Amino acid sequence: MSKMKSAAAPFRATLQELHRKYATVADGRVATYIPELATADPAGFGISVVTADGLRFDVGDAERLFSIQSVSKPFVFGLALEDHGRERVLAKVGVEPTGEAFNAIVLDEATNRPFNPMVNAGAIATTDLIRGEDHADRFKRLLAMLGRYVGREVFVDSATFLSERATGHRNRAIAHLMLNFGMIEDRVDETLELYFQQCSALVDCRDLAVMGATLANGGVNPLTGERAIEARYVKDVLSIMLSCGIYDFAGEWAFRIGIPAKSGVGGGIVAVIPGVAGIGVYSPPLDERGNSVRGVLVCKELSERFGLHILEAGHAGPALLDEIRPGRRGG
Ligand code: DON
């Protein structure tokens, strides 16, 4: 045990160094289009990493709760896949990046599907696919799913939910457009409430790192041992995160950083190094596309320093694992 702690120290120091370095970045603005989000503290900043075998590292405000927002989207996509299978889900939502803002009112002209499950239209469609007897049952299944990834019970922040619901006219327009094309069922209000509820679930960046580590670990939460998603759907979730997870910066992200990730306007980013670790970053000031400024910088530096780009020959993990566990190759 003590051996593990001291072995892990260099990586903790690395995270502390990144936290110190990027805490001084003052770019970006906290989201204000939902009044409750405007109350976020722009100085809040946490970084967490959890390995696929359950070691955890936290620096800064790693236990500060915030609303998960769109970071929920890949996980809800995963639930829709489990509930209906790949083909039925793909009949309702595509897998193409949009290159447009996350809240664009746009559907694929040829198929009437939303472009992908990481933008609002696609996420409303995957939310519609959550099975259940009624709203309460669907809500329970949604929270239970998030809870399996996080490893604890998840709660919704009522103030954020009410604020989302009071201002969500654009999402209502998107949902009604999809209803018009038969892409979602005729229970728009219920599905929108579920969508607002999922966006308002409270997490901290340690939770995001565990969620990422669960995907990195083939769908099994490395801290609880509980399976959060069937193994066969993990690569579907990760592919869509890589191609579409960072809004209209997704292509640039895949090119420069190269690890599946998802951002949310609450300031959270989850990133997944398959087989190796999950990263969670929290910092509310956002760039013009809605991504956490410090979150992008931290992920970029971790990717560059440790060669995490998943398309790099011999990729990822080894350098990171060497720093986490010096001597792992026989010392
Ligand atoms: O739909 C909204 O406006 C938000 N609650 C979703 C937030 C988000 O992070 C943007 N995502 N794609």
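Basis of the calculations
- Residues numbered from 1 in each chain as written.
- Predicted model: local features only at pLDDT ≥ 70, side-chain atom pairs only at ≥ 80, totals over all residues.
- Heavy atoms only, no water.
- Helix = DSSP H or I, 4+ residues; strand = E, 2+ residues; numbered from the N terminus.
- Rg over C-alpha atoms; globule rule 2.2 N^0.38 Å.
- Buried < 20%, exposed > 50% of the residue type's maximum accessible area, 1.4 Å probe, protein only.
- Contact = heavy atoms within 4.5 Å.
- Areas by Shrake-Rupley, 256 points an atom, 1.4 Å probe, with all protein chains shown as cover.
- Lys, Arg positive; Asp, Glu negative; His and termini not counted.
- Charge placed at Lys NZ, Arg CZ, Asp CG, Glu CD.
- Pairing = 2+ DSSP bridges.
- Axes fitted to C-alpha atoms, helices over the stretch in contact; angles between N-to-C directions.
- Core = buried A, V, L, I, M, F, W, Y, C linked by side-chain atoms within 4.5 Å.
- Domains from an automatic or database assignment.
- Left-handed = near helix turned anticlockwise from the far one by under 90°.
- Nonpolar A, V, L, I, M, F, W, Y, C, P; charged D, E, K, R; others polar.
- Phe/Tyr/Trp six-rings, centres within 6.5 Å; stacked < 30°, edge-to-face > 60°.
- Lys NZ or Arg CZ within 6 Å of the ring centre and 35° of its normal.
- Near = heavy atom within 4 Å.
- Polar contact = N/O pair within 3.5 Å; in protein donor to acceptor, adjacent residues only side chain to side chain.

### What about the overall build of the protein chain?
Right, so step 1: Helix and strand content of the protein chain: 13 helices and 7 strands.
Right, so step 2: Over its C-alpha trace the protein chain gives a radius of gyration of 19 Å, about what one expects of a compact globule, namely 20 Å for 331 residues.
Right, so step 3: Considering the protein chain as a whole, with its 331 residues, one finds that 55% of them fall into the buried category.
Right, so step 4: For the protein chain, long-range pairs separated by at least 24 residues make up 69% of all intrachain contacts whose partners lie at least 6 apart in sequence.
Right, so step 5: In the structure as shown, the protein chain presents an accessible area of about 13,100 Å², 52% of it carried by carbon and sulfur atoms.
Right, so step 6: On the protein chain, the mean spot of the 36 positive side-chain charges and the mean spot of the 41 negative ones are 5 Å from each other.

### Observations regarding unusual backbone geometry
Right, so step 1: Phi angles above zero are rare outside glycine, and Gln69 is one such case at about 50°.
Right, so step 2: In this structure, Gln69 sits in the loop between β3 (66-67) and α2 (73-84).
Right, so step 3: Phi at Asn112 takes a positive value of approximately 65°, unusual for a residue other than glycine.
Right, so step 4: Tracing the sequence through the fold places Asn112 in the loop between α3 (86-90) and α4 (120-128).
Right, so step 5: Judged by relative accessible area, Asn112 falls into the partly exposed class, the value being 23%.

### Notes on the sheet that holds strand β5 (residues 261-263)
Right, so step 1: Spatially, 5 strands are ordered β2-β1-β7-β6-β5 in an open sheet, and the strand pairing comes out antiparallel. Looking at strand neighbours, the two that pair on one side only are β2 (56-60) and β5, the edges of this open sheet. Averaged over all adjacent pairs, the angle separating strand axes in this sheet is 10°, with direction ignored.
Right, so step 2: Sheet topology places strand β1 (residues 46-51) next to β2; 5 bridges connect them, and they run antiparallel. Bridge pairing in β2 places Gly46 opposite Gly60.
Right, so step 3: Running at roughly 155° to strand β7 (residues 277-282), helix α9 (residues 205-216) makes contact with β1, β2, β6 (268-273) and β7 of the sheet.

### Section: the nonpolar core
Right, so step 1: In this structure, Phe75, Met145, Tyr149, Leu208, Met211 and Leu215 are the most contacted members of the largest nonpolar core, which totals 43 residues.
Right, so step 2: When residues of this core are traced back to their parent elements, those giving at least two are α2, α5 (135-150), α9, α10 (231-244) and β6.
Right, so step 3: In terms of residue count, α10 provides more of this core than any other element does, 7 residues in total.
Right, so step 4: Two domains each put at least three residues into this core: domain 1 (5-69 + 202-324) and domain 2 (70-199).

### Digging into the environment of Ala144
Right, so step 1: Position of Ala144 among the secondary structure elements: in helix α5.
Right, so step 2: For the pair Ala144 and Pro285, spaced 141 residues apart in the sequence, the C-alpha separation amounts to 29 Å.

### Considerations on the pairing of β1
Right, so step 1: Most of β1 is tucked away, with 6 of its 6 residues classed as buried.
Right, so step 2: Neither face of β1 is open: one carries Gly46, Ser48 and Val50, the other Ile47, Val49 and Thr51, and all of them are buried.
Right, so step 3: Linkage of β1 to β2, two consecutive antiparallel strands, is achieved through a turn of 4 residues, within which Gly54 is found at a positive phi near 95°.
Right, so step 4: Both β1 and β7 contribute to a ladder of 6 bridges, which runs antiparallel. Across the sheet, the residue bridging to Ser48 is Gly280, located in β7.

### Details of the packing of α4 against helix α7 (residues 169-180)
Right, so step 1: One can describe the packing of α4 onto α7 by two numbers: an axis separation of 10 Å at closest approach and a directional angle of 65°. In this structure, α4 meets α7 at a crossing whose hand is right-handed. Residues Asn120, Ala121, Ile124 and Ala125 of α4 pack against Asn171, Ile174, Ala175 and Met178 of α7.
Right, so step 2: A per-class count over the contact of α4 with α7 returns 6 nonpolar, 2 polar and no charged.

### Quick notes on the packing of aromatic side chains
Right, so step 1: Evaluation of the coordinates by the stated rule reveals 7 aromatic pairs.
Right, so step 2: Considering the side-chain rings of Phe75 and Tyr149, the 4.6 Å spacing of their centres and the 75° angle between planes classify their relative orientation as edge-to-face. Of this pair, Phe75 sits in helix α2 while Tyr149 sits in helix α5, and the two are 74 residues apart along the sequence. In this structure, Phe75 and Tyr149 share a single accessibility class: buried.
Right, so step 3: Feature note: the residues Phe11, Phe57 and Phe306 constitute an aromatic cluster, connected by ring pairs.
Right, so step 4: It is Arg294 that lies over the ring of Phe45; its NZ or CZ is 5.1 Å from the centre.

### A few points about the site of the ligand
Right, so step 1: Contacts to the ligand come from 15 residues, most closely from Tyr33, Gln69, Ser70, Glu164 and Tyr195.
Right, so step 2: Within the side chain of Tyr33, an N or O atom sits 2.7 Å from an oxygen atom of the ligand.
Right, so step 3: Within the complex, the protein chains bury 98% of what would otherwise be the 350 Å² of accessible surface of the ligand.
Right, so step 4: Of the residues belonging to the shell around the ligand, the class tally is 8 nonpolar, 5 polar and 2 charged.

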